[in-house]
Amino acid sequence: QLKKADVIPQLMTGILENERILCADPTTVAAKFRKMMLGGAGKTVVISDFDFTLSRYANEKGERLSTTHGVFDDNVMRLNPELGQKFVDLKNKYYPIEFCPKMTMEEKIPHMEKWWGTSHSLIVNERFSKSTIEDFVRQSRIVFKDGAEDFIQSLDGHNIPLVIFSAGIGNIIEYFLEQKLGAIPRNTHFISNMILFDEEEKACGFSEPLIHTFCKNSSVIQKETSFFHEIAGRVNVILLGDSMGDIHMDVGVERDGPTLKIGYYNGSLDDTASLQHYEEVYDIVLIHDPTLDFAQKIVDIIN
Ligand code: C5P
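Quantities reported herein were computed from a predicted structural model and do not represent experimental measurements. All residue numbers refer to positions counted from 1 along the written sequence of the respective chain. Note on the predicted model: pLDDT of at least 70 is required for a residue's local features to be given, and 80 or more for side-chain atom pairs to be given and counted; whole-chain, interface and lining totals, by contrast, use all residues. Only hydrogens and water are set aside when side-chain values are computed; all heavy atoms of the structure are taken into account.

A.B. asks: Would you take a moment to explain helix H2 (residues 26-39) for this structure?
C.D. replies: The α-helix winds at 3.6 residues per turn, so residues separated by three or four positions along the chain end up facing the same way. Counted at 1.5 Å a residue, the expected span for H2 with its 14 residues is 20 Å, and the 20 Å between its end C-alpha atoms agrees. All of the buried residues along H2 are Val29, Ala30, Lys32, Phe33, Met36 and Met37. Projected down its long axis, H2 shows its buried positions confined to an angular sector of 155 degrees, all on one face. Within H2, the exposed residues directed more than 90 degrees away from the buried face are Thr27, Lys35 and Leu38. Considering only its buried residues, H2 is in contact with helix H1 (4-17), strand S7 (236-241), strand S8 (259-265), strand S9 (284-287) and helix H12 (293-302). One or two positions beyond H2, positive phi appears at glycine 40, with a value near 75 degrees. We count a stretch as a helix when DSSP gives it H or I for four or more residues in a row; a strand needs E for two or more, and each element gets its number in order from the N terminus. Residue count minus one, scaled by 1.5 Å, sets the expected span of a helix. For every residue, the accessible area obtained with a 1.4 Å probe (protein chains only) is divided by the maximum for its type, and the residue is called buried under 20%, exposed over 50%, and partly exposed between those limits. To obtain the arc, one takes the directions from the helix axis to the C-beta atoms. Contacts between residues were defined by any pair of non-hydrogen atoms, one from each residue, lying within 4.5 Å.

A.B. asks: Is there a simple way to think about unusual backbone geometry in this case?
C.D. replies: Glycine aside, residues mostly have negative phi angles, and peptide bonds mostly take the trans form. The omega torsion across glutamate 208 and proline 209 is -5 degrees, close enough to zero to call that bond cis. Examined against the element boundaries, proline 209 turns out to sit in the loop between strand S6 (203-206) and helix H9 (218-221). Positive phi values are uncommon outside glycine, yet histidine 288 reaches one of about 50 degrees. Taking relative accessible area as the criterion, histidine 288 reaches 36% and is therefore assigned partly exposed.

A.B. asks: In this structure, what is going on with the site of the ligand? I would like to understand it.
C.D. replies: The near set for a molecule or strand comprises every residue that places at least one heavy atom within 4 Å of it. The environment of the ligand is formed by 15 residues, the closest being Asp49, Thr67, Glu98, Ala167 and Lys216. Nitrogen and oxygen atoms within 3.5 Å of one another constitute a polar contact, given that in protein one can donate a hydrogen and the other can accept it, and given that sequence-neighbouring residues count only through two side-chain atoms. In the environment of the ligand, an oxygen atom lies 2.6 Å from a nitrogen or oxygen atom belonging to the side chain of lysine 216. Every accessible area reported is derived by Shrake-Rupley at a probe size of 1.4 Å, with residue values counting cover from the shown protein chains alone. Contact with the protein chains hides 95% of the accessible area of the ligand, taken as 480 Å² for the molecule alone. Only helix H4 (81-98), helix H5 (105-126) and strand S3 (162-169) provide two or more residues apiece to the shell around the ligand. When residues are sorted by character, Ala, Val, Leu, Ile, Met, Phe, Trp, Tyr, Cys and Pro go into the nonpolar class, Asp, Glu, Lys and Arg into the charged class, and all the rest, Gly among them, into the polar class. Among the residues forming the shell around the ligand, the class breakdown is four nonpolar, six polar and five charged.

A.B. asks: What should I look at first to understand the nonpolar core in this one?
C.D. replies: Counting 97 residues, the largest nonpolar core has Phe33 and Phe72 as the members making the most contacts within it. Setting aside chain neighbours within four positions, we find phenylalanine 33 in contact with Ile8, Leu11, Met12, Ile15, Leu260, Phe294 and Ile298. Remark: nonpolar core denotes a set of buried residues (Ala, Val, Leu, Ile, Met, Phe, Trp, Tyr, Cys) joined through side-chain atoms within 4.5 Å.

A.B. asks: I keep staring at the environment of threonine 27 and nothing clicks. Help me out?
C.D. replies: With respect to the helices and strands, the residue threonine 27 is situated in helix H2. Spatially, the C-alpha atom of threonine 27 lies 9.3 Å from that of methionine 12, the residues being 15 residues apart in sequence.

A.B. asks: Any chance you could explain helix H7 (residues 148-157) here in plain terms?
C.D. replies: Inspection of H7 places Ala148, Phe151, Ile152, Ser154, Leu155 and Asp156 among the buried residues, and these make up the whole buried set. Along its buried surface, H7 packs onto strand S2 (44-48), S3, helix H8 (170-181), S7 and H12.

A.B. asks: Help me understand the sheet that holds S9, please; the structure alone is not making it clear to me.
C.D. replies: Strand-to-strand pairing in sheets goes through backbone hydrogen bonds, with the strands running parallel or antiparallel. Here, a strand pair is defined by DSSP locating no fewer than two bridges between the strands. Taken together, the seven strands give an open sheet; going across it, the order is S1-S9-S8-S7-S2-S3-S4, and neighbouring strands pair in mixed fashion. Only two strands of the sheet have a single partner each, and these edge strands are strand S1 (21-22) and strand S4 (188-193). Where S2 lies against S3, three bridges are found, and the strand directions are parallel. Its bridge partner being in S3, isoleucine 47 is matched across the sheet by valine 163.

A.B. asks: Looking at this structure, I do not really get the packing of aromatic side chains. What am I missing?
C.D. replies: A ring pair, where both rings are aromatic, is described by two values, the distance of the centres and the angle of the planes. Working definition: a ring pair exists when centres of Phe, Tyr or Trp rings (six-membered ring for Trp) sit within 6.5 Å. Plane angles under 30 degrees give stacked, over 60 give edge-to-face, the rest tilted. A complete count under the given rule lists 13 aromatic pairs for this structure. Centroid distance phenylalanine 72 to phenylalanine 87: 5.8 Å. Interplanar angle 20 degrees. Geometry classified as stacked. In this pair, phenylalanine 72 is assigned in helix H3 (residues 70-79) and phenylalanine 87 in helix H4, connecting sequence segments 15 residues apart. By relative accessible area, phenylalanine 72 is classed as buried at 0%. The buried category is assigned to phenylalanine 87, whose relative accessible area is 4%. Ring geometry for tyrosine 265 versus tyrosine 278: centroids 4.9 Å apart, planes at 80 degrees, classification edge-to-face.

A.B. asks: Hey, could you run me through the pairing of S4 in this one?
C.D. replies: The side chains of a regular strand alternate between both faces of the sheet. Taken across its six residues, S4 has five buried, putting it largely inside the fold. Alignment of S3 against S4, held across five bridges, turns out to be parallel. From the neighbouring strand, valine 163 faces S4, where its bridge partner is histidine 189. With H8 bridging S3 and the parallel S4, this β-α-β connection has right-handed handedness. By convention, orient the strands away from the viewer: a clockwise path from the first strand over the helix to the second makes the crossover right-handed.

As structure tokens, this is what we get:
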């Protein structure tokens, strides 16, 4: 059994010795850990992205898995190849723009609005039913990271709120959690794009405001004010993300406590510019990590 005083030095040694973990400022990170340990579970909230953060980026063969939007690409292709191809074409066109290291965020935003807007229109025009979408999710290639189920359940067990802040499709995350965990844990709160259904349970619209990768910040958080007020005592934030758009997901939190930013890097190891950028904006960068072990370790030490 480790003594409390040894926990953080040991954790930091583990981080610094691991070549798959980047940490540009170990002193600041250790100070954040200390504050979080002092505060304990009662002062903590976890704010996490979903696609390729709670879910896995690639399978064992290195093939890219599905995002929540991607559920439509695969399933619609099976049922209606012409429409399926439209979803795939959109992804092939816009995904490289989302992660292009040469473009600024301002340059990317109009493309993201076009991508999300067009794919949402395709979903609404086709009037997919709720049960069809639930079925798509059952057959999808969305896969939890190893340990994600336990991580989510352990947050619930310790009464730590989990905010899933996703530019994906919230209903798809809900169906996925229901299918994998049996029910959505009480501690879970969603900030995402929600498909609206009519009285026949057919898709008829999307919630507003639209959330795309680069507006996961104060611009979409306004309608969440009462939720963040409810958790006002939670001054310590563990933020989990995989893209540059995820680093301000903590803007709604009413406080000035620390945010520990953990970034999952899914890009190429040759892309040193992106790796360096991740290291600058995230406290900890986990390279090609298909597990939630690191986040679980942090939650374990603060309890
Ligand atoms: O915030 P989150 O990481 O969950 O964002 C959703 C992801 O869904 C984006 O990073 C984008 O690559 C992806 N996407 C997609 N198809 C769309 C729109 C977004 O695969 N039509």
